[in-house]
Amino acid sequence: MAKLTIRDLNVRGKRVFLRVDYNVPLVEKDGQMVITDDTRIRETLPTLRFLIEQGGRLILTAHLGRPKGQRESSMSLRPVAGRLADLLGCPVNFADDCVGEKVESLAGELPPGGVLLLENVRYHQAEEKNDPAFAGQLARLADVYVNDAFGAAHRAHASTEGVARIVAARGGQCAAGLLMERELKFLGDELENPARPFVVILGGAKVSDKIKVIDRLLEKADTILIGGAMAYTFRLAHGEKVGKSLVEPDHTGTALAAEEKAKKLGVNFQLPTDTVIATPVDTGKVNKKGRPVFEFVDVRTTKTGIPDDAEGFSIGEETAANYARIIHGAKTILWNGPMGMFEDARFAPGTNAVAQAVAEATQKNGAKSIIGGGDSVKAINNINLGDQVTFMSTGGGASLEFLEGAVLPGVAALSDK
Ligand code: AMP
């Protein structure tokens with residue numbers, strides 16, 4: 001069922017409780033916390049401008065980091081208020097808490113078009129517990145509820161779910177912001193009846209993380225291209241050698257079942273035909289988490305099994321070229337998960353070649369390309385192709401769950417059209 005969006009509301013003079021995703025990276029500089037990447041703040045500007053123009057009184061709520069119910073000054077949203085004011089070109093008030101009488105009076109004093117940002121909602125443990133009393137306190141600030149934080153919509157927290165329920169029970173409206181609207185359109189509606197061929201590219205570390213997505217997309221896709229460490233569990237399931245690669249021996253059955261389903265449904269299900277491998281050497285050092293640090297030496301490509309002393313790190317050139325050819329023929333593309341450990345430049349070419357092919361298919365062939373969040377977005381941005389694909393999801397876990405077909409609590413809580 002389609003959800004109400006802010007385009008359907010009349011917010012003039014109303015207090016709009018707006019959940020945003022301002023979980024931005026910060027570093028300490030001369031005793032002050034400084035925002036190092038304000039993308040998430042910029043992304044909310046269209047929603048904010050729209051609501052300001054409509055004369056709404058905006059009360060913004062967000063979380064930052066994991067303060068676990070404590071007031072952690074390094075996780076304060078105060079620097080965000082400053083940056084937001086600069087970007088919007090209008091004053092942004094800041095409340096040093098998110099509930100209570102003081103906050104209620106600040107919200108009450110807001111003029112139409114005024115903006116108030118509340119302090120980190122996770123300073124209260126009750127937020128993540130979706131405590132009804134806390135949600136009730138937040139709801140005292142709201143005539144209308146708007147959620148534009150897709151990345152937090154898979155969590156049933158007070159600010160993402162509880163408040164919306166209370167507002168709706170009072171007969172108030174709960175709507176998606178413009179960012180959320182785009183997420184629902186591209187990860188949802190657009191994939192329901194995709195233009196064909198529909199090519200799905202799935203990578204990343206684990207089959208177990210992606211199996212629900214694979215299972216669901218097998219029913220919709222024409223072709224599924226597998227990459228990343230996930231491919232080695234499929235190889236193991238076929239009795240091939242995987243050396244020291246990241247595999248899930250408990251999930252070989254899952255892998256075989258997916259291949260079987262693909263065969264039954266006539267889906268072209270492809271695994272890599274070559275692999276970039278390297279030999280891990282223990283440096284004797286440990287990382288911050290106390291785990292041993294390895295160096296990877298003797299980087300090479302294999303078309304057969306992975307030797308006992310080696311580990312697979314990416315799809316090889318042959319696979320990348322084959323996948324690129326298939327991607328060039330697609331009309332709809334969905335990509336989730338890198339083709340290898342792309343954070344290391346030696347293992348990035350396979351992922352980069354796929355990113356390049358997705359961008360070309362979009363620009364030259366008019367394919368619709370949807371990047372399903374997390375590391376694939378990072379990979380595309382690493383080579384500056386972000387503006388050459390149709391849509392990049394802002395969610396990580398939320399995108400994955402949505403693609404699995406799960407009902408996200410933060411979406412379910414919005415009013416139906
Ligand atoms: P995911 O969150 O499941 O999409 O996985 C992304 C992570 O998987 C990235 O940090 C990659 O570095 C990692 N990854 C992908 N392929 C491999 C591989 N062959 N070996 C080790 N890590 C990998």
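Residues numbered from 1 in each chain as written. Predicted model: local features only at pLDDT ≥ 70, side-chain atom pairs only at ≥ 80, totals over all residues. Heavy atoms only, no water.

## Comments concerning the packing of helix H12 (residues 317-328) against helix H13 (residues 349-365)
No. 1: Where H12 meets H13, the closest approach of the two axes is 9 Å, and the angle between their N-to-C directions is 20 degrees. Here H12 is positioned roughly parallel relative to H13, judged by the angle of their axes. In the crossing of H12 with H13, the sense of the turn from one axis to the other is right-handed. Here Ala-320, Tyr-323, Ala-324, Ile-327 and His-328 of H12 come into contact with H13, specifically with Gly-350, Ala-353, Val-354, Ala-357, Val-358, Glu-360, Ala-361 and Asn-365.
No. 2: Split into classes, the residues belonging to the contact of H12 with H13 amount to 9 nonpolar, 3 polar and 1 charged. (Axes fitted to C-alpha atoms, helices over the stretch in contact; angles between N-to-C directions. Helix = DSSP H or I, 4+ residues; strand = E, 2+ residues; numbered from the N terminus. Parallel < 35°, antiparallel > 145°, perpendicular 65-115°, else oblique. Left-handed = near helix turned anticlockwise from the far one by under 90°. Contact = heavy atoms within 4.5 Å. Nonpolar A, V, L, I, M, F, W, Y, C, P; charged D, E, K, R; others polar.)

## Some remarks on the site of the ligand
No. 1: Ala-205, Lys-210, Ala-229, Glu-343 and Asp-375 are the nearest of the 14 residues found near the ligand.
No. 2: A distance of 3.4 Å separates a nitrogen atom of the ligand from a polar atom in the side chain of Tyr-232.
No. 3: Notes on the ligand: free accessible area 500 Å², of which the protein chains cover 80%.
No. 4: The residue inventory of the shell around the ligand, partitioned by class, reads 6 nonpolar, 5 polar and 3 charged. (Near = heavy atom within 4 Å. Polar contact = N/O pair within 3.5 Å; in protein donor to acceptor, adjacent residues only side chain to side chain. Areas by Shrake-Rupley, 256 points an atom, 1.4 Å probe, with all protein chains shown as cover.)

## Observations concerning the side chain of Glu-311
No. 1: Position of Glu-311 among the secondary structure elements: in strand E14 (residues 311-315).
No. 2: Buried within the structure, Glu-311 lacks any salt-bridge partner; Lys-244 is the closest side chain of opposite charge, at an N-O distance of 7.4 Å.
No. 3: Glu-311 has contacts with Lys-244, Ser-245, Val-276, Ile-277, Ala-278, Pro-280, Phe-296 and Ile-306, leaving out every residue within four places of it along the chain. (Buried < 20%, exposed > 50% of the residue type's maximum accessible area, 1.4 Å probe, protein only. Lys, Arg positive; Asp, Glu negative; His and termini not counted. Salt bridge = Lys/Arg side-chain N within 4 Å of Asp/Glu carboxyl O.)

## Overview of the packing of aromatic side chains
No. 1: If you walk through the whole model with that rule in mind, you get 7 aromatic pairs.
No. 2: With centroids separated by 6.0 Å and ring planes inclined at 20 degrees, the aromatic side chains of Phe-17 and Tyr-145 adopt a geometry described as stacked. With Phe-17 in strand E1 (residues 15-19) and Tyr-145 in strand E7 (residues 144-147), the pair connects residues that are 128 residues apart, well separated along the chain.
No. 3: Aromatic pair Phe-313 and Phe-347: ring centres 4.5 Å apart, planes at 25 degrees, arrangement stacked. Here Phe-313 is found in strand E14, whereas its partner Phe-347 is found in the loop between strand E15 (332-336) and H13, with 34 residues between them in sequence.
No. 4: An aromatic cluster of at least three residues, connected via ring pairs, comprises Phe-296, Phe-313 and Phe-347.
No. 5: Residue placement shows Lys-185 over the ring face of Phe-186; its charged tip is 4.8 Å from the ring centre. (Phe/Tyr/Trp six-rings, centres within 6.5 Å; stacked < 30°, edge-to-face > 60°. Lys NZ or Arg CZ within 6 Å of the ring centre and 35° of its normal.)

## Describing the packing of helix H9 (residues 207-217) against helix H10 (residues 230-237)
No. 1: Contact geometry of H9 with H10 gives a least axis separation of 9 Å together with a crossing angle of 90 degrees. In terms of axis orientation, H9 runs roughly perpendicular to H10. For the pair H9 and H10, the contacting residues are Val-207, Lys-210 and Ile-214 in the first and Met-230, Thr-233 and Phe-234 in the second.
No. 2: Of the residues belonging to the contact of H9 with H10, the class tally is 4 nonpolar, 1 polar and 1 charged.

## Regarding the pattern of salt bridges
No. 1: Tallied over the full model, the rule gives 26 salt bridges.
No. 2: Across the salt bridge formed by Lys-378 and Asp-375, the nearest N and O atoms sit 3.3 Å from each other. One end of the pair is Lys-378 and the other is Asp-375, both in helix H14 (residues 375-382) and 3 residues apart, which spans about a single turn.
No. 3: Connected through shared salt-bridge partners, Asp-38, Arg-42 and Arg-83 make up one network.

## Quick look at the sheet that holds strand E6 (residues 115-118)
No. 1: Within the open sheet, the 6 strands sit side by side as E5-E6-E4-E1-E7-E8. Their pairing is parallel. Edge positions in the open sheet fall to strand E5 (93-95) and strand E8 (174-176), since each of these has one partner strand only. Strand-to-strand twist in this sheet, taken as the mean axis angle between neighbours without regard to direction, amounts to 25 degrees.
No. 2: Strand direction decides the pairing type here: E1 and strand E4 (residues 57-61), joined by 5 bridges, are parallel. Directly across from Phe-17, in E4, lies its bridge partner Ile-59.
No. 3: In the packing of helix H4 (residues 101-109) onto the sheet, contacts are made with E1, E4, E5 and E6, and the angle to E6 comes to roughly 160 degrees. (Pairing = 2+ DSSP bridges.)

## Looking at helix H3 (residues 78-88)
No. 1: Of the residues making up H3, those classed as buried are Val-80, Ala-81, Leu-84, Ala-85, Leu-87 and Leu-88. Buried residues of H3, viewed axially, fall in a sector of 165 degrees; they line one side.
No. 2: Where H3 is buried, its residues meet strand E3 (32-35), helix H1 (39-43), helix H2 (45-53), E4, E5 and E6.
No. 3: Where H3 terminates, the next one or two residues include Gly-89, which has phi positive at roughly 70 degrees. (Arc of directions from axis to C-beta.)

## Considerations on the pairing of E1
No. 1: Within E1, 5 of the 5 residues are buried, which leaves the element mostly enclosed by the surrounding structure.
No. 2: The alternating pattern of E1 places Arg-15, Phe-17 and Arg-19 on one face and Val-16 and Leu-18 on the opposite face, and all of these are buried.
No. 3: In this structure, E1 lies alongside E7, joined through 4 bridges in parallel fashion. Paired with Arg-19 across the bridge in E7 is Asn-147.

## Topic: the environment of Val-247
No. 1: Position of Val-247 relative to the elements: it lies in the loop between H10 and helix H11 (252-265).
No. 2: Residues Val-247 and Arg-196, 51 residues apart in the sequence, show an inter-C-alpha distance of 32 Å.
No. 3: Setting aside anything within four residues of it in sequence, one finds Val-247 in contact with Tyr-232, Thr-233, Leu-236 and Val-242.

## Topic: the domain arrangement of the protein
No. 1: What the domain assignment lists for the protein is domain 1 (6-182) and domain 2 (193-274 + 313-404).
No. 2: Its C-alpha centre places domain 1 at a distance of 34 Å from the equivalent point of domain 2.
No. 3: Each side of the interface is counted separately: domain 1 has 7 residues, and domain 2 has 10 residues.
No. 4: Contact between domain 1 and domain 2 buries roughly 670 Å² in total, counting both sides, with carbon and sulfur atoms accounting for 63%.
No. 5: Looking at the side of domain 1 facing domain 2, the largest losses of area belong to Phe-150, His-154 and Arg-182, adding up to 74% of the total buried there. (Domains from an automatic or database assignment. Buried area = accessible area lost by both parts, 1.4 Å probe.)

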